[in-house]
Amino acid sequence: MTDFVILDIAISVIFVLLTVSIIASAFVEAVSSLSGWRAAGLERGLRAMMGGGVSDCVGREVRSALGGVGGCGGVGGGGGGGS
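Conventions used here
Residues numbered from 1 in each chain as written. Predicted model: local features only at pLDDT ≥ 70, side-chain atom pairs only at ≥ 80, totals over all residues. Heavy atoms only, no water. Helix = DSSP H or I, 4+ residues; strand = E, 2+ residues; numbered from the N terminus. Areas by Shrake-Rupley, 256 points an atom, 1.4 Å probe, with all protein chains shown as cover. Expected span 1.5 Å × (residues − 1). pLDDT = per-residue confidence, 0-100. Buried < 20%, exposed > 50% of the residue type's maximum accessible area, 1.4 Å probe, protein only. Contact = heavy atoms within 4.5 Å.

K.L.:
Would you mind showing me how to read the overall build of the protein here?
P.N.:
Along the backbone of the protein there are three helices and zero strands. Along the chain direction, N to C, the helices and strands of the protein fall in the order α-α-α. For the protein, the exposed area adds up to about 6800 Å²; of that, 70% sits on carbon and sulfur atoms.

Dropping the structure here:
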């Protein structure tokens, strides 16, 4: 303890609030991951930003790019080198 009691109290309060904040954030992250809220919210947000004009093919391409299964065969695939 220092001679500055107010400083000690301020540091203690900051530490407690930071700890509670980290615990609450971890809890919310765990619940949202397990329940799928994060994925659903991200999809809703993307659809809202793109004006709702997201085709199924674009959705599959995004999931494929993020490591999921999907993709649209033949769309932008860069196949055939015709002359």
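K.L.:
Would you mind going over helix α2 (residues 37-49) with me for this structure?
P.N.:
The periodicity of an α-helix, 3.6 residues per turn, causes residues three or four positions apart to be oriented the same way. For α2, built from 13 residues, the straight-helix expectation of 18 Å at 1.5 Å per residue is met to within 8% by its first-to-last C-alpha distance of 18 Å. Backbone geometry just after α2 places G51 at a positive phi near 75°.

K.L.:
Mind showing me how you'd approach helix α1 (residues 5-35) here?
P.N.:
The end-to-end C-alpha distance of α1 is 45 Å, a good match for the 45 Å that 31 residues give at a rise of 1.5 Å each. Following α1 by one or two positions, G36 has its phi on the positive side, about 85°.

K.L.:
Would you explain the confidence of the model for the protein in this entry?
P.N.:
Parts of the prediction with low pLDDT should not have their coordinates interpreted in detail. With 63% of its residues at a pLDDT of 70 or more, the protein shows a mean pLDDT of 76. The lowest-confidence element of the protein is helix α3 (residues 56-65), averaging 66 in pLDDT; the highest-confidence one is α1, averaging 94.

K.L.:
Would you explain the side chain of S32 in this entry?
P.N.:
Structurally, S32 can be placed in helix α1. Among the residues examined, S32 registers a relative accessible area of 10% and is labelled buried. The residues touching S32, leaving out its near neighbours within four places in the chain, are W37 and R38.

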